[in-house]
Amino acid sequence: MSSIPRGYRRIGDNRVRELVGRGLEEFTVGEIIEHRPARTVSDMDRSMVLALTGNPAPVHSDAEYCERTGREHLLVCGITTLGIVVGATVRSTSGLTTANLALDDVRFTNPVNVGDTLRAETEVLAARPSESRPDHGVVTCRTVAYNQRDEQVLAFTRTFLVPADAAPVRDATSY
């Protein structure tokens, strides 16, 4: 086992570990990350978020209401869509984050329904050392999500804090 695929690190003889997240030095401004796998939104996703948030809007929970107001399907709540898409980005961006600092310019650009399959891509906009925490860096990314018809459904900018050097964090935590 001589070469190690990108996204893994050697941890022993004939053994590699999948990487989660990045340190500051691993971000390149302008890089675009395509997140995989895509994720099909289920009715369980829709229902669970409504139960967790207590959202009473009938457009998300009442099929009769939707039908009588001209909507063919229950609308998936925006927070469900946002959660699925942010979750899809974590492994390849903020998996080692110390803190989320901002979620800005959130735009829900097309409706999402149960059965839609979402995919996302993230562009690294900025990556700099933290002014207040010298062992960390501040990364800002723009993420855009699309459905199975390649229609944009969501876009947002997210800023988070990552270790300046991921190696000591990975060694200390077995990540």
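For clarity, every value in this text was computed on a predicted model and none was experimentally measured.

A.B. asks: Can you tell me about the overall build of the protein chain, naming the residues and giving the values?
C.D. replies: Within the protein chain, the regular secondary structure consists of four helices and seven strands. Ordered by position from the N terminus, the helices and strands of the protein chain form the series β-β-β-α-α-α-β-β-β-β-α. If you line up the protein chain on its principal axes, its C-alpha atoms span 60 × 40 × 30 Å. Expressed as a percentage of its 175 residues, the buried residues of the protein chain come to 37%. Long-range pairs, those at least 24 residues apart, make up 68% of the contacts in the protein chain with a sequence separation of at least 6. In the form shown here, the protein chain has an accessible surface area of approximately 9900 Å², with 50% of it arising from carbon and sulfur atoms.

A.B. asks: Can you lay out the pattern of salt bridges for me, pointing to particular residues and giving the numbers?
C.D. replies: Using the criterion set out here, one finds 11 salt bridges in the structure. For Asp43, the salt bridge goes to Arg46, with nearest N and O atoms at 2.7 Å. Residue Asp43 and its partner Arg46 are both found in helix α1 (residues 43-53); the two are separated by three residues, about one turn of the helix. Taking the relative accessible area as the measure of exposure, Asp43 reaches 37% and is therefore partly exposed. One salt bridge connects Arg149 with Glu151, and the closest N-O pair in it is separated by 3.2 Å. Classification of Arg149 by relative accessible area gives partly exposed; the value is 47%. Glu151 sits in the partly exposed class, given a relative accessible area of 31%. Look at the salt bridges and you will find they share partners, linking Arg6, Arg22 and Glu31 into a network.

A.B. asks: An account of unusual backbone geometry is requested, with residue identities and associated values reported.
C.D. replies: With an omega of 0°, the peptide bond running from Arg36 to Pro37 counts as cis. Positionally, Pro37 belongs in strand β3 (residues 32-40). Phi at Asn14 is positive, roughly 60°, even though this residue is not glycine. With respect to the element layout, Asn14 can be found in the loop between β1 (8-12) and β2 (15-18). Unlike most non-glycine residues, Ser174 shows phi in positive territory, near 65°. Mapped onto the secondary structure, Ser174 falls in the segment after α4 (166-173). Looking at Ser174, the relative accessible area reads 46%, which means it is partly exposed.

A.B. asks: I'd like to hear about the nonpolar core, residue by residue, with values.
C.D. replies: Among soluble globular proteins, nonpolar side chains are generally buried collectively. Grouped together as the largest cluster of nonpolar side chains are 13 residues, with contacts concentrated most on Val85, Leu118 and Leu154. Listed by contribution, the elements that provide at least two residues to this core are α3 (78-90), β5 (117-129) and β7 (152-163). For this core, the leading source of residues is α3, giving four residues. In this structure, Leu154 is in contact with Thr81, Leu82, Val85, Val106, Arg107, Phe108, Thr109, Thr143, Val144 and Ala145, ignoring residues within four places of it in sequence. One finds Leu24, Phe27, Val139 and Cys141 within the second-largest nonpolar core, a separate group that totals eight residues.

A.B. asks: Outline the pairing of β1, listing residues and values.
C.D. replies: Across four bridges, β1 lies against β2 in antiparallel orientation. Note on β2: the bridge partner recorded for Gly12 is Arg15. In textbook terms, the turn of a hairpin is the stretch between consecutive antiparallel strands, and for β1 and β2 this stretch comprises two residues, one of which, Asn14, has a positive phi near 60°.

Reading the values: the criteria
- Residues numbered from 1 in each chain as written.
- Predicted model: local features only at pLDDT ≥ 70, side-chain atom pairs only at ≥ 80, totals over all residues.
- Heavy atoms only, no water.
- Helix = DSSP H or I, 4+ residues; strand = E, 2+ residues; numbered from the N terminus.
- Buried < 20%, exposed > 50% of the residue type's maximum accessible area, 1.4 Å probe, protein only.
- Contact = heavy atoms within 4.5 Å.
- Areas by Shrake-Rupley, 256 points an atom, 1.4 Å probe, with all protein chains shown as cover.
- Salt bridge = Lys/Arg side-chain N within 4 Å of Asp/Glu carboxyl O.
- Core = buried A, V, L, I, M, F, W, Y, C linked by side-chain atoms within 4.5 Å.
- Pairing = 2+ DSSP bridges.

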